[in-house]
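Coordinate analysis (summary)
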2 protein chains.
Amino acid sequence: MSLVLAPDVTAQADTPQPVAIVIHGGAGTILPENITDEQEQAYRTALRTALETGHDVLTDGGSSIDAVVAALQTMEDSPLFNAGKGAVFTSENTVELDASIMDGHTLNAGALTGVKHIKNPIGLARLIMEESEHVMMAGTGAEDFARAHEVSFVENEYFYTERRRRQAEEARSSNDRDDARDADADGIPDYDKLGTVGAVALDQDGDLAAGTTTGGTTNKRFGRVGDSPIIGAGTYADNATCGVSATGHGEYFIRAAVAHEISARMEHGGMSVQEAARTVIMDELPQMEPDGGSGGVIAMDAQGNIAMPFNTPGMYRGYVGTDGTMVIRIYRAEDEE
Amino acid sequence: MSLVLAPDVTAQADTPQPVAIVIHGGAGTILPENITDEQEQAYRTALRTALETGHDVLTDGGSSIDAVVAALQTMEDSPLFNAGKGAVFTSENTVELDASIMDGHTLNAGALTGVKHIKNPIGLARLIMEESEHVMMAGTGAEDFARAHEVSFVENEYFYTERRRRQAEEARSSNDRDDARDADADGIPDYDKLGTVGAVALDQDGDLAAGTTTGGTTNKRFGRVGDSPIIGAGTYADNATCGVSATGHGEYFIRAAVAHEISARMEHGGMSVQEAARTVIMDELPQMEPDGGSGGVIAMDAQGNIAMPFNTPGMYRGYVGTDGTMVIRIYRAEDEE
């Protein structure tokens, strides 16, 4: 945690700082042989739309919070990702959504878990951060709060897609999930189970923000809460270090406090954002008992340095750097091009 | 996070390691003038009971997880603390409970939020850690999981005490809570609003565990989730660093990831447990916007070194150290005796 708030850069310089944004659309067994050309093209287009939407906000002088919300809402509205419209089914054939957001300038944060009727959970996370005295709200309570504000409510059916219904049915017809510590034990390719989305943005004032939004895991039950709505696990932002959004096997990410651990390795260990993110994702998580924590993160520091490490075969990801260059990647091999 | 699990000390030495336990019963405006002699004696007796219960488990060869659960269940069963039987009321005149637990040897963890019918939430947190593939469960889902296990269910009325009902009524008759960022704005002395309980134990195998259990804040609404059930905020344990349980203004503790931050300052910053805990509670939290984060923590490392810093006038606290000495304190001045 930063002891001192970052200086207000706009007060020091007339020229705005260079802006940047990085996003992910989930990590998992994403391999060329598992995806058709049409599917791949659809993902690349959706990633581009999210990046362009967020980057436009930043170049227009919007805040990093504005940009994170704008980018993630396009991904929540897409049926491709496990968030909003494309979210996975629970064991009760409903959709329950989690999200969180954090402001690196103020260390304010907002989060929610288990909402069923909010079209864009990341927008509600922002409202909780800005318009309530709380950081986190759960279930119908979070929806009660939303009712007093301008939030789009939808029927739970709005989120139902045939693809996700089929996945849930396949999961139920497979072996007992109680024993399913192995990500593949339920027979669903995990590129279809994962798909949490996240964004980290750096605005003209030099402020970082990070956000994450998800439907959780296919066929989830018992009100399971993953890392996405947990500040410090799935999301963290501090101008003094970095902004982080995670995706992966959430239980491991909570136990390792992944997002805050990356920030802490920068602050107390003197690491760069790339070194800190790589160490946590590639070295620490795989060694955790019993099976290792699979997944990845996006992270960016206040100078716009970006890291996108993942220990799965692929991660939907992309960024627009401070030089304006846009990069969109899905497979691991692309990082070596 | 530790990269390597702590060595199994029992395999190296025939003599068991010295054991220790530290507990808290909440931090706040606890001053001699606010408490009658009878009340003070009742708190000291309840703290002693919890310490003796937990310490007996440890000297009998029980695990640190066993000891944390045993100690905290006595506090959940007491009407004095804001956990279990003595928990505060929500805005809807119900009681909703949160708890979490973490094993410093395996980094396994269990947590729950918003349960209404579980007599001992800390025991359910342990079941979630040990008997499910998840770390965190919310609301009725957590209770559905509990039904498949040996857990004591109670009517919500079991938790109702006249003292807490009066506090909730006073809170409602005071000014609008929406504007009540100030802890005193609702007219309730905050020694009565706080009262979260927690424990950290070190067992004969040299393993640490930490747990926290609470009713949250008086008159809470919107399914508010505080820091107590958040791994990394209210609770963390890692044999390589320390075990931590927090109590205080939960929103600040989440934003600063207090429990994990103390661990990270030891691991990456080379601090002792006392230095790390003191820095976070006395230096970092008070500087946070807008009002500073009030509260405290208990923390212990794997050598049995104990820290109990708090930035409020008092904190119900106590420990039995590795030398077997029991200490019980309420007010700040006692630390200077």
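Only a predicted model underlies this, so the values are computations on that prediction, with no experimental measurement involved.

Description of the overall build of chain A
The number of helices and strands found in chain A is ten helices and 13 strands. Across the 337 residues that make up chain A, the buried fraction comes to 63%. Once local pairs closer than 6 in sequence are excluded, the contacts in chain A between residues at least 24 apart make up 69%. Looking at chain A as shown, the accessible area adds up to about 11400 Å², and 45% of this sits on carbon and sulfur atoms.

Regarding the confidence of the model for chain A
Across chain A, the average pLDDT comes to 91, with 90% of residues at or above 70. For this predicted complex, the interface confidence reaches an ipTM of 0.93, while the overall pTM sits at 0.93.

Quick look at the environment of Ile30 of chain B
Residue and element names in this part refer to chain B. Topologically, Ile30 is positioned in the loop between strand S1 (20-28) and helix H2 (37-59). On the basis of relative accessibility, which here comes to 1%, the residue Ile30 falls in the buried class. Separated by 275 residues in sequence, Ile30 and Asn305 have C-alpha atoms that sit 25 Å apart.

Topic: the relation of the copies chain A and chain B
Placing chain A over chain B gives an RMSD of 0.0 Å and needs a rotation angle of 180°, together with 0.0 Å of translation along the axis. Both copies are brought into coincidence by an operation consistent with a two-fold rotation axis. It is His268 of chain A whose C-alpha, among those of chain A, lies nearest the rotation axis, at 2.7 Å. Interface residue correspondence from chain A to chain B reaches 100%, placing this contact among same-surface, isologous pairings.

Observations concerning the packing of helix H4 (residues 121-131) of chain A against helix H5 (residues 139-147) of chain A
All names here are of chain A. At a closest axis distance of 11 Å, the pairing of H4 and H5 adopts a crossing angle of 75°. In terms of their interaxial angle, H4 and H5 are classed as roughly perpendicular. Contact residues: H4 offers Leu124, Leu127, Ile128 and Glu131, while H5 offers Ala142, Phe145 and Ala146. For the contact of H4 with H5, the residue count by class is six nonpolar, no polar and one charged.

Digging into the pattern of salt bridges
Residue and element names in this part refer to chain A. Counted under the stated rule, the structure contains 24 salt bridges over all chains. As a salt-bridge pair, Lys119 and Asp77 come within 3.6 Å of each other at their nearest N and O atoms. Here Lys119, found in the loop between strand S3 (109-115) and H4, pairs with Asp77, found in the loop between helix H3 (64-76) and strand S2 (97-103); they are 42 residues apart in sequence, far enough to count as distant. Between Glu251 and Arg224 there is a salt bridge; the shortest N-O distance is 2.9 Å. On the criterion of sequence distance, the pair formed by Glu251 in helix H8 (residues 250-255) and Arg224 in strand S7 (residues 224-225) is long-range, its members being 27 residues apart. The burial state of Glu251 is the same as that of Arg224; both residues are buried.

Comments concerning the pairing of strand S6 (residues 208-214) of chain B
Residues and elements named next belong to chain B. Within S6, seven of the seven residues are buried, which leaves it mostly tucked inside the rest of the structure. Here S6 shows a buried face lined by Leu208, Ala210, Thr212 and Thr214 and a second buried face lined by Ala209, Gly211 and Thr213. As defined by bridge partners, strand S2 (residues 97-103) adjoins S6 across six bridges and the pair is classed as antiparallel. In the sheet register, Met102 faces S6, and the bridge partner there is Ala210. Pairing of strand S5 (residues 197-202) with S6, which is carried by six bridges, proceeds in the antiparallel orientation. Pairing of Leu202 across the sheet is with Leu208, part of S6. Adjacent in sequence and paired antiparallel, S5 and S6 are bridged by five residues, among which Gly206 carries a positive phi angle near 80°.

Things to note about helix H4 (residues 121-131) of chain B
All names here are of chain B. In terms of burial, H4 is a largely internal element, eight of the eleven residues being buried. Taken together, the buried positions of H4 are occupied by Pro121, Ile122, Gly123, Leu124, Ala125, Leu127, Ile128 and Met129. The inward-facing, buried residues of H4 abut helix H3 (64-76), S2, strand S3 (109-115), strand S4 (136-138), helix H5 (139-147) and S6.

Digging into the packing of aromatic side chains
Each pair of aromatic rings is reported with the distance of its centres and the angle of its planes. For the coordinates displayed, the defined rule picks out twelve aromatic pairs over all chains. Taking the centre distance of 6.4 Å and the plane angle of 85° together, the rings of Phe81 of chain B and Tyr316 of chain B count as edge-to-face. Of this pair, Phe81 of chain B sits in the loop between H3 and S2 while Tyr316 of chain B is found in strand S12 (residues 314-320), placing the two residues 235 residues apart along the sequence. Judged on exposure class, the residue Phe81 of chain B and its partner Tyr316 of chain B are both buried. What links up through ring pairs into an aromatic cluster is the set Tyr43, Phe81 and Tyr316 of chain A. It is Lys85 of chain A that lies over the ring of Tyr158 of chain A; its NZ or CZ is 4.9 Å from the centre. The ring of Phe310 of chain A has Arg332 of chain A sitting right over it, with the charged end atom 4.2 Å from the ring centre.

So, the pairing of S5 of chain B
Residue and element names in this part refer to chain B. The element S5 is largely enclosed, with a buried count of six among its six residues. Side chains Val197, Ala199 and Ala201 project from S5 onto one buried face, and the interleaved Gly198, Val200 and Leu202 project onto a second face that is buried too. Pairing geometry for S1 and S5, over five bridges, is antiparallel. Bridged to His24 within S5 is Gly198.

What about the side chain of His260 of chain B?
Relative to the helices and strands, His260 of chain B resides in helix H9 (residues 258-269). Apart from the residues within four sequence positions on either side, His260 of chain B is in contact with Ala256, Ala257, His260 and Glu261 of chain A together with Gly232 and Tyr236 of chain B.

Examining the sheet that holds S2 of chain A
Spatially, the nine strands line up as an open sheet ordered S13(A)-S12(A)-S1(A)-S5(A)-S6(A)-S2(A)-S3(A)-S4(A)-S7(B), and their pairing is mixed. Of all strands in the sheet, those bounded by a partner on one side alone are strand S13 (326-331) of chain A together with strand S7 (224-225) of chain B. Each of S2, S3, strand S4 (136-138) and strand S6 (208-214) of chain A touches H4 of chain A; the most contacted strand, S2 of chain A, lies at about 50° to it.

Points about the interface of chain A and chain B
Each partner contributes residues to the interface: chain A has 47 residues there, and chain B has 47 residues. Counting each side, the surface lost to burial between chain A and chain B is near 4300 Å², with a carbon and sulfur contribution of 59%. Among the residues of chain A in contact with chain B, Glu133, Phe222 and Arg255 of chain A are the three that bury the most area, contributing 18% of the side total. At the boundary of chain A and chain B, one finds zero salt bridges. Of all the elements in the fold, those that place two or more residues in the side of chain A that touches chain B are S4, H5, S7, H8, helix H9 (258-267) and helix H10 (273-284) of chain A. Residue contributions to the side of chain A that touches chain B peak at five residues, all from H9 of chain A.

Overview of the sheet that holds S7 of chain A
Ordered by their spatial adjacency, nine strands build an open sheet running S7(A)-S4(B)-S3(B)-S2(B)-S6(B)-S5(B)-S1(B)-S12(B)-S13(B), and the pairing between neighbours is mixed. With one partner strand each, in any of the chains shown, S7 of chain A together with strand S13 (326-331) of chain B form the two edges of the open sheet. Relative to S4 of chain B, S7 of chain A runs antiparallel, the two sharing two bridges. Note that in S4 of chain B the partner of Val225 of chain A across the bridge is Met136 of chain B. Sheet strands touched by H2 of chain B: S1, S5, S12 and S13 of chain B. Its angle to S13 of chain B, the strand with the most contacts, is close to 145°. In the packing of H4 of chain B onto the sheet, contacts are made with S2, S3, S4 and S6 of chain B, and the angle to S2 of chain B comes to roughly 50°.

How each quantity is defined
Residues numbered from 1 in each chain as written. Chains lettered and ligands numbered in written order. Predicted model: local features only at pLDDT ≥ 70, side-chain atom pairs only at ≥ 80, totals over all residues. Heavy atoms only, no water. Helix = DSSP H or I, 4+ residues; strand = E, 2+ residues; numbered from the N terminus. Buried < 20%, exposed > 50% of the residue type's maximum accessible area, 1.4 Å probe, protein only. Contact = heavy atoms within 4.5 Å. Areas by Shrake-Rupley, 256 points an atom, 1.4 Å probe, with all protein chains shown as cover. pLDDT = per-residue confidence, 0-100. Least-squares fit on C-alpha atoms with pLDDT ≥ 70 in both. Axes fitted to C-alpha atoms, helices over the stretch in contact; angles between N-to-C directions. Parallel < 35°, antiparallel > 145°, perpendicular 65-115°, else oblique. Nonpolar A, V, L, I, M, F, W, Y, C, P; charged D, E, K, R; others polar. Salt bridge = Lys/Arg side-chain N within 4 Å of Asp/Glu carboxyl O. Pairing = 2+ DSSP bridges. Phe/Tyr/Trp six-rings, centres within 6.5 Å; stacked < 30°, edge-to-face > 60°. Lys NZ or Arg CZ within 6 Å of the ring centre and 35° of its normal. Buried area = accessible area lost by both parts, 1.4 Å probe.

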